[in-house]
Amino acid sequence: MQNTRIIKSACRMCHGVCQVLVHMEGERVVKITGDPESPTSRGYICRKGAASMELLYHPDRVLQPLRRVGKRGENKWAPISWDEALDEMAERLLKIKKESGPQYFGMMHGTGRPYENLGARFANAFGTPNFTGVAHICFWPRVYANIMTQGMSELPVCDVYGQGGVEPQCVMIWGCNITGAKGHNSSDGMCGATLQKAIKNAQKVIVVDPRRISPAENADHWLQLRPGTDGALALAMINVIIVEDLIDREFVNKYTVGFDRLLEHIKHFSPEWAEEIVGVGAEDIRVAARTYATVKPACIQWGNAVDQSMCNFHTARSLLILRVITGNLHVPGGDIVFERPQGLRVKFPYLDVDFSGFRFMPLQNYQYALDRDYEKQNISSTKRFIQDRSLQFLDFLKYNFYPLLRKISQGEGAALKLMAELKGSSYPLSPAIHPPTFW
Ligand code: SF4
């Protein structure tokens with residue numbers, strides 16, 4: 001009998017990051033099960049997670065570089081050594097660099113995985129500012145809306161875990177289908193099975209989705225909006241809550257600024273106005289808004305659909321405002337904001353700059369790509385030198401005094417704005433170039 005042992009780990013077959021137990025026999029994985037000691041997934045594992053070792057040991061898994069030997073699409077490949085592959089790629093890339101310049105090489109990466117920082121580091125070493133991704137339609141619109149609206153980058157999440165001792169009484173699922181896939185799924189670290197339990201225990205369930213996703217079957221309100229019209233629906237719900245005076249006045253008075261301007265802004269966006277755009281009856285919008293505002297605590301489980309809707313940033317802002325005016329933000333059983341555990345090394349561009357390479361990217365490379373074109377503007381070399389030095393200084397300032405600046409500015413949003421103003425840029429310190437411009 002070979003040496004058997006269990007290693008605690010985390011599944012990364014999707015964004016749930018369920019904690020798992022990896023059962024080993026010798027050096028071979030024989031089984032993966034949920035970790036009952038996990039504070040979040042609590043022993044849960046979906047079929048995809050349980051089957052992930054099949055991926056590890058699949059006979060077709062590519063384990064060494066392959067060179068195409070047939071025509072494109074013929075699917076003919078020959079194995080080559082790592083040295084050969086690296087030499088060949090380096091040769092081609094250096095040719096591009098020599099003939100056309102490093103900027104002619106661009107890189108994109110997908111959703112967050114630990115290796116994306118290495119990609120940025122590579123682009124930096126190669127000398128191209130053209131490193132970007134798909135974040136503008138995935139997750140980051142909500143992150144930026146959060147920074148600008150609430151002054152922090154951590155997204156509020158449904159307290160389906162009952163961390164505050166109370167479970168949500170109203171669950172509003174907005175463009176997020178993590179309970180319907182076979183064996184459930186997850187999103188943004190939220191486990192579908194846990195959400196399913198919260199839905200079962202809640203008094204009221206509201207589903208905002210064009211599709212009849214599984215929670216819609218028994219939901220109290222299913223708002224079957226036209227795809228992409230989420231922003232109009234959110235504005236109409238805010239309108240109802242304000243017009244019918246269902247707001248949490250104490251919360252609003254204590255923790256918000258600009259409510260008077262919101263009152264003015266929202267007047268126009270009645271449910272009747274939204275009805276035509278959204279394709280949901282005005283009365284249905286009214287009733288759902290009343291439920292969300294009055295059955296407490298309430299949480300909004302939002303998903304990627306928000307990022308892929310029209311006006312994603314402002315849609316996300318509206319959904320944050322809904323939480324705030326009803327006093328459902330950062331209350332037990334509502335939408336809560338987790339604090340980062342002390343002493344953890346977080347891989348985030350602003351915090352892990354040495355590793356990611358963002359620190360060493362000459363800032364002016366971004367600047368050329370984003371805001372300025374020295375050649376066309378005919379800027380003198382002296383002026384360019386001064387601008388470059390001041391950008392480098394700001395770069396230094398950004399990373400060394402950012403925490404201080406954040407404190408002084410009383411919030412991340414204000415600090416970013418200040419830095420953007422100092423930099424004279426239209427873009428507040430983005431670590432990658434603007435994706436639509438890249439395209
Ligand atoms: S939901 Fe499934 S695939 Fe996703 S992290 Fe959890 S076990 Fe893995």
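Relevant structure appears above.
Since the model is a prediction, treat every value here as computed from it, not as a measurement.

Trainee: Even after reading the chapter, I still don't get unusual backbone geometry, so can you show me in this structure?
Mentor: Leaving glycine out, the prevailing phi sign among residues is negative, and the prevailing peptide bond configuration is trans. Cis geometry is found at the peptide bond from Lys296 to Pro297, where omega equals -5°. You can see Pro297 is positioned in the loop between α12 (282–294) and β14 (298–302). With phi around 50°, Asp245 is a residue other than glycine that occupies positive phi space. Structurally, Asp245 is set in the loop between α8 (230–243) and α9 (249–255). The phi dihedral of Cys311 falls on the positive side, at around 55°, and the residue is not glycine.

Trainee: Help me understand the sheet that holds strand β13 (residues 221–223) in this model?
Mentor: The strands that make up a sheet are held in pairs by hydrogen bonds between backbone atoms, and each pair lies either parallel or antiparallel. An order of β13-β12-β9-β14 is seen for the four strands of this open sheet, with the pairing classed as parallel. Bordering the open sheet on either side are β13 and β14, each of which pairs with just one other strand. Averaged over all neighbouring strand pairs, the angle between strand axes comes to 15°, with direction disregarded. Bridge analysis of strand β9 (residues 170–174) against β14 gives five bridges, and the strand direction is parallel. Bridged to Cys170 within β14 is Ala298.

Trainee: Help me understand the sheet that holds strand β3 (residues 28–34) in this model?
Mentor: Spatial ordering of the open sheet is given by β1-β2-β3, a layout of three strands whose pairing is antiparallel. Only two strands of the sheet have a single partner each, and these edge strands are β1 (4–10) and β3. In this sheet, neighbouring strand axes are inclined to one another by 25° on average, regardless of whether the strands run parallel or antiparallel. Looking at chain direction, β1 and strand β2 (residues 19–25) are connected through seven bridges and run antiparallel. Residue pairing across strands places Lys8 opposite Leu21, the latter belonging to β2.

Trainee: Quick question: what am I supposed to make of the site of the ligand here?
Mentor: Around the ligand sit Cys11, Met13, Cys14, Gly16, Val17, Cys18, Ile45, Cys46, Lys48, Gly49, Asn185 and Ser186, and those are all the residues in its vicinity. Taken together, the residues of the shell around the ligand break down into seven nonpolar, four polar and one charged.

Trainee: What should I look at first to understand the environment of Pro435 in this one?
Mentor: Inspection of the secondary structure puts Pro435 in helix α21 (residues 435–438). Residue classification places Pro435 among the partly exposed residues on the basis of 16 C-beta atoms within 10 Å. A sequence separation of 300 residues divides Pro435 from Ala135, and the C-alpha atoms of the two residues are 8.1 Å apart. Leaving out residues up to four positions away in the same chain, Pro435 has contacts with Thr132, Gly133, Val134 and His136.

Trainee: Would you explain the pairing of β9 in this entry?
Mentor: Every other side chain in a regular strand lies on the same face of the sheet, so the side chains alternate between the two faces. Where burial is concerned, most of β9 is hidden: five out of the five residues are buried. Going residue by residue along β9, you find Cys170, Met172 and Trp174 tucked away on one face and Val171 and Ile173 tucked away on the opposite face as well.

Trainee: Would you explain the environment of Val278 in this entry?
Mentor: Following the sequence through the fold, Val278 ends up in helix α11 (residues 271–278). Note on Val278: 26 C-beta atoms within 10 Å, which makes it buried. The spatial distance from the C-alpha of Val278 to the C-alpha of Thr229 is 5.5 Å, given a sequence separation of 49 residues. Discounting residues that sit within four places of it in the chain, Val278 has contacts with Leu225, Arg226, Thr229, Ala232 and Leu233.

Trainee: It is not clear to me how the packing of α8 against helix α14 (residues 312–325) should be interpreted in this structure. Could you clarify?
Mentor: Two packed helices can be described by the angle between their axes and the distance between those axes. Look at α8 against α14: their axes get within 8 Å of each other, and the N-to-C directions meet at 25°. Comparing the axis directions of α8 and α14 gives the class roughly parallel. For the pair α8 and α14, the crossing hand works out as left-handed. Contacts between α8 and α14 involve Asp230, Gly231, Ala234, Leu235, Met237, Ile238 and Ile241 from the former and His314, Thr315, Ser318, Leu319, Ile321, Leu322 and Ile325 from the latter.

Trainee: When you look at the nonpolar core in this model, what are you seeing that I'm missing?
Mentor: In a soluble, globular protein the nonpolar side chains are often hidden away together inside. Val171, Met172, Leu233, Met237 and Ile238 are the most contacted members of the largest nonpolar core, which totals 75 residues. If one sorts the elements of this core by residue count, α8 sits on top with ten residues. When we break this core down by domain, the ones giving at least three residues each are domain 1 (4–56) and domain 3 (155–336). Beyond its immediate stretch of four places on either side in the chain, Met237 contacts Ile285, Ala289, Tyr292 and Leu322.

Trainee: What's the story with the packing of α8 against α12 in this structure? I'm lost.
Mentor: Running from N to C, α8 and α12 point in directions that differ by 65°, and their axes come no closer than 9 Å. Judged by the angle between their axes, α8 and α12 are roughly perpendicular. For the pair α8 and α12, the sense of crossing is right-handed. Taken together, the residues of α12 that come into contact with α8 (itself represented by Leu233, Ala236, Met237, Val240 and Ile241) are Ile285, Arg286, Ala289, Arg290, Tyr292 and Ala293. Partitioning the contact of α8 with α12 into residue classes produces nine nonpolar, no polar and two charged.

Procedures and definitions
- Residues numbered from 1 in each chain as written.
- Predicted model: local features only at pLDDT ≥ 70, side-chain atom pairs only at ≥ 80, totals over all residues.
- Helix = DSSP H or I, 4+ residues; strand = E, 2+ residues; numbered from the N terminus.
- Pairing = 2+ DSSP bridges.
- Axes fitted to C-alpha atoms, helices over the stretch in contact; angles between N-to-C directions.
- Near = placed C-beta within 6 Å.
- Nonpolar A, V, L, I, M, F, W, Y, C, P; charged D, E, K, R; others polar.
- Buried ≥ 20, exposed ≤ 12 C-beta atoms within 10 Å, placed from the backbone.
- Contact = placed C-beta atoms within 7 Å.
- Parallel < 35°, antiparallel > 145°, perpendicular 65-115°, else oblique.
- Left-handed = near helix turned anticlockwise from the far one by under 90°.
- Core = buried A, V, L, I, M, F, W, Y, C linked by C-beta atoms within 7 Å.
- Domains from an automatic or database assignment.

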